[in-house]
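Each chain is listed here by its residues.
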2 protein chains.
Amino acid sequence: MATAPGTPVGGKTPKTERGRRTLRALLDAAAEEFGDKGFHEASISGITARAGTAIGSFYTYFDSKEAIFTALVRDLSGQVRDFVGPRIAGIANHLEAEQASQLAFLQFVRHHKEIYRIIDEAEFVDPVSYREHYSSTADRIAQRLQAAEEAGEISAGSAEIRAWALMGINVFLGLRFGVWDEGSDPAEVARISGDLIAHGLARREPGKA
Amino acid sequence: MATAPGTPVGGKTPKTERGRRTLRALLDAAAEEFGDKGFHEASISGITARAGTAIGSFYTYFDSKEAIFTALVRDLSGQVRDFVGPRIAGIANHLEAEQASQLAFLQFVRHHKEIYRIIDEAEFVDPVSYREHYSSTADRIAQRLQAAEEAGEISAGSAEIRAWALMGINVFLGLRFGVWDEGSDPAEVARISGDLIAHGLARREPGKA
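Treat the numbers as computed from the prediction; the structure is a model and nothing was measured.

Scoring rules and cut-offs
Residues numbered from 1 in each chain as written. Chains lettered and ligands numbered in written order. Predicted model: local features only at pLDDT ≥ 70, side-chain atom pairs only at ≥ 80, totals over all residues. Heavy atoms only, no water. Helix = DSSP H or I, 4+ residues; strand = E, 2+ residues; numbered from the N terminus. Lys, Arg positive; Asp, Glu negative; His and termini not counted. Charge placed at Lys NZ, Arg CZ, Asp CG, Glu CD. UniProt positions renumbered as here; feature names shortened; annotations may be inferred. Least-squares fit on C-alpha atoms with pLDDT ≥ 70 in both. Contact = heavy atoms within 4.5 Å. Salt bridge = Lys/Arg side-chain N within 4 Å of Asp/Glu carboxyl O. Buried < 20%, exposed > 50% of the residue type's maximum accessible area, 1.4 Å probe, protein only. 1 Å grid on protein atoms, 1.4 Å probe; cavity = no way out; pocket = protein on both sides within 12 Å on 5 of 7 lines; lining within 4 Å. Points joined across faces, edges and corners; volume = space filled by probe spheres on them. Nonpolar A, V, L, I, M, F, W, Y, C, P; charged D, E, K, R; others polar. Expected span 1.5 Å × (residues − 1). Polar contact = N/O pair within 3.5 Å; in protein donor to acceptor, adjacent residues only side chain to side chain. Buried area = accessible area lost by both parts, 1.4 Å probe. Phe/Tyr/Trp six-rings, centres within 6.5 Å; stacked < 30°, edge-to-face > 60°. Lys NZ or Arg CZ within 6 Å of the ring centre and 35° of its normal.

**Student:** Explanation requested: the overall build of chain A in the structure shown.
**Tutor:** On a plain count of helices and strands, chain A comes out with nine helices and zero strands. Along chain A, helices (α) and strands (β) appear in the sequence α-α-α-α-α-α-α-α-α when read from the amino end. Taken over the C-alpha atoms alone, chain A extends approximately 65 × 35 × 30 Å along its principal axes. Between the centroid of the 24 positive side chains of chain A and the centroid of its 29 negative side chains there is a distance of 4 Å.

In structure tokens:
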């Protein structure tokens, strides 16, 4: 996980490269600890043991187990964005970009299965972050759909409703074929869902691709 | 909630009409208690107080808080099925039935918002029931899609992958426009998603509807 961590919710931003590495190690350790044990069984000492840091380093950045959980949800949300973003950046057609983002998400999930348990547990532990994660993800998809509609690449229709539909496809295919089942081929899953989306959103007027 | 409860997981089936009413009252009360408080804060005495039954009645049907939670997940899963089923039963075209089921689910969620919190918490409290709920729901959708493909109503494609995609659409539109936001019109949401699904699954060969 090479992603640079964002500003911790506690507001303490590392000033040195060493501090940034420590914060990254704490967040990665927290993903393992919360992913393995769930929020209630997880402990700060479990996180620092996994991170190989002293307890004092934890309190440099976070006030509590709740605080690092909130920072972790935001961090994971950012990791998805940072993983998918570059993989669709060079694709001029917005609809093709949307399909590529579905494949990228499936590939991300294969290597970060803990993201489901952590985001899902946020519904109970930190409902504000839970809602923020899905709202901001849907907003990014809606922006792409809006641009696609303006470029004449897709039919007209509510970008928000369609964005939530596409996010639902992503999340459930990721659960079934990423978290539950490693046997399936992500490219094949993305091909089937991409076909559904492409034809589902395609322009209906004849004469233009 | 007039749905007849299924056999409780504990195996104790009511033999009288009065027993069936008590069991129904306990499950409805459990939906309120778990929906309001979450599993860990919820209590058996809270459930029996809401149901207006004696504690002894609870133990006639369930051994524990875990047992009624498991029975409730199965009951809610069945309630969705029993609510949607009759609303699509008279529709000969499978694709139209699929669209009608999306609208029916949105309508169900508006009046049973607690279902999200309870099913989602099952991921942590009772993972087997959680998986069973989504697997059986996806199986029902896949059967409709298989029949639609055999009837030549939709294009060929993996019924399982498509079923999980459609379920994802259902669940996330239900979260956004059913649980979070009552202001939107379920018929409009279902129209947009139904359009996406209809064109996404439509036969591509010309000459046939």
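**Student:** Looking at this structure, how should I read the UniProt feature "DNA-binding region" (unreviewed entry) in chain A?
**Tutor:** Cross-referencing UniProt, the feature "DNA-binding region" (unreviewed entry) maps to residues 43-62 of chain A in the present numbering. Its end C-alpha atoms 13 Å apart, residues 43-62 of chain A is made of 75% helix and 0% strand.

**Student:** Please explain the relation of the copies chain A and chain B as it appears in this structure.
**Tutor:** Superposition of the two copies of the chain requires a rotation about an axis together with a shift along that axis. With an axial shift of 0.0 Å and an RMSD of 0.0 Å, the rotation relating chain A to chain B amounts to 180 degrees. Taken together, the rotation and translation relating the two chain copies correspond to the operation of a two-fold axis. Taken as a fraction of all interface residues of chain A, those also at the interface in chain B reach 97%, which identifies the copy contact as same-surface.

**Student:** Can you help me understand the pattern of salt bridges in this one?
**Tutor:** In a structure, side chains of opposite charge can pair up when their charged atoms sit close to one another. Residue and element names in this part refer to chain B. On inspection of all chains with the given rule, the structure shows 24 salt bridges over all chains. The partner of Arg50 in a salt bridge is Glu32, and the shortest N-O contact between them spans 3.5 Å. With Arg50 in helix H2 (residues 44-51) and Glu32 in helix H1 (residues 17-41), this pair connects stretches of sequence that are 18 residues apart. Under the relative-accessibility criterion, Arg50 is labelled partly exposed at 33%.

**Student:** For this particular structure, what's the right way to read the environment of B:Gln79?
**Tutor:** As for its placement among the helices and strands, B:Gln79 is situated in helix H4 (residues 65-89). When the C-alpha atoms of B:Gln79 and B:Phe108 are compared, they prove to be 9.1 Å apart, with 29 residues separating the residues in sequence.

**Student:** What am I meant to see in empty space enclosed by the protein here?
**Tutor:** Over the atoms rolls a probe the size of a water molecule, and its path tells where empty space is left. For the coordinates displayed, the defined rule picks out one cavity of 30 Å³ or more. The calculated volume of the largest cavity comes to roughly 170 Å³. Lining of the largest cavity is provided by 16 residues; of these, A:Asp120, A:Phe172, B:Asp120, B:Tyr130 and B:Phe172 occupy positions nearest its centre. Of all the secondary structure elements, the ones that give two or more residues to the lining of the largest cavity are helix H6 (114-125), helix H7 (127-150) and helix H8 (159-180) of chain A together with helix H6 (114-125), helix H7 (127-150) and helix H8 (159-180) of chain B. Looking at side-chain class alone, the lining of the largest cavity contains twelve nonpolar, no polar and four charged residues.

**Student:** What exactly am I supposed to notice about the UniProt feature "domain: HTH tetR-type" (unreviewed entry) in chain A here?
**Tutor:** This chain's UniProt record puts "domain: HTH tetR-type" (unreviewed entry) on residues 20-80 of chain A. Note that residues 20-80 of chain A is 87% helix and 0% strand, and that its end C-alpha atoms are spaced 20 Å apart.

**Student:** I'm lost on helix H5 (residues 94-111) of chain A in this one. Help?
**Tutor:** Think of an α-helix as turning once every 3.6 residues; residues three or four places apart then point the same way. Residue and element names in this part refer to chain A. Spanning 18 residues, H5 covers 26 Å between terminal C-alpha atoms, matching the ideal 26 Å at 1.5 Å per step. Inspection of H5 places Leu95, Ala97, Glu98, Ala100, Ser101, Gln102, Ala104, Phe105, Leu106, Phe108, Val109 and Arg110 among the buried residues, and these make up the whole buried set. Among the structural elements, helix H4 (65-89), H6, H7, H8 and helix H9 (186-201) are those in contact with the buried residues of H5. N-capping of H5 is provided by Asn93, with a side-chain oxygen placed 2.9 Å from the backbone N of Leu95.

**Student:** Just checking my understanding: could you explain the interface of chain A and chain B for this structure?
**Tutor:** Interfaces are often sized by the amount of accessible area the parts lose when they come together. Listed as interface residues are 37 residues of chain A and, on the opposing side, 36 residues of chain B. Counting each side, the surface lost to burial between chain A and chain B is near 3500 Å², with a carbon and sulfur contribution of 76%. At the boundary of chain A and chain B, one finds two salt bridges. Summed over the shared surface of chain A and chain B, the number is two residue pairs in polar contact (both at pLDDT 80 or more). Elements with a contribution of two residues or more to the side of chain A that touches chain B: H6, H7, H8 and H9 of chain A.

**Student:** Looking at this structure, how should I read the packing of aromatic side chains?
**Tutor:** The description of two aromatic rings rests on the distance between their centres and on the angle between their planes. Counted by the stated rule, this structure contains 22 aromatic pairs over all chains. When the centroid spacing of 5.4 Å and the interplanar angle of 80 degrees are considered together, the rings of A:Trp164 and B:Trp180 count as edge-to-face. Of this pair, A:Trp164 sits in helix H8 while B:Trp180 sits in helix H8, placing the two residues on different chains. For the pair shown, A:Trp164 and B:Trp180 are each scored as buried. Relative to B:Tyr134, the ring of B:Tyr130 lies with its centre 5.3 Å away and its plane at 90 degrees, an arrangement referred to as edge-to-face. With B:Tyr130 and B:Tyr134 both in helix H7 and four residues apart, this pair spans about one turn of that helix. In this structure B:Tyr130 comes out as buried when scored by relative accessible area, which is 8%. In textbook terms, an aromatic cluster arises when at least three aromatic residues are bridged by ring pairs, as seen for A:Tyr130, A:Tyr134, A:Trp164, A:Phe172, A:Trp180, B:Tyr130, B:Tyr134, B:Trp164, B:Phe172 and B:Trp180. Residue placement shows B:Lys65 over the ring face of B:Phe39; its charged tip is 4.5 Å from the ring centre.

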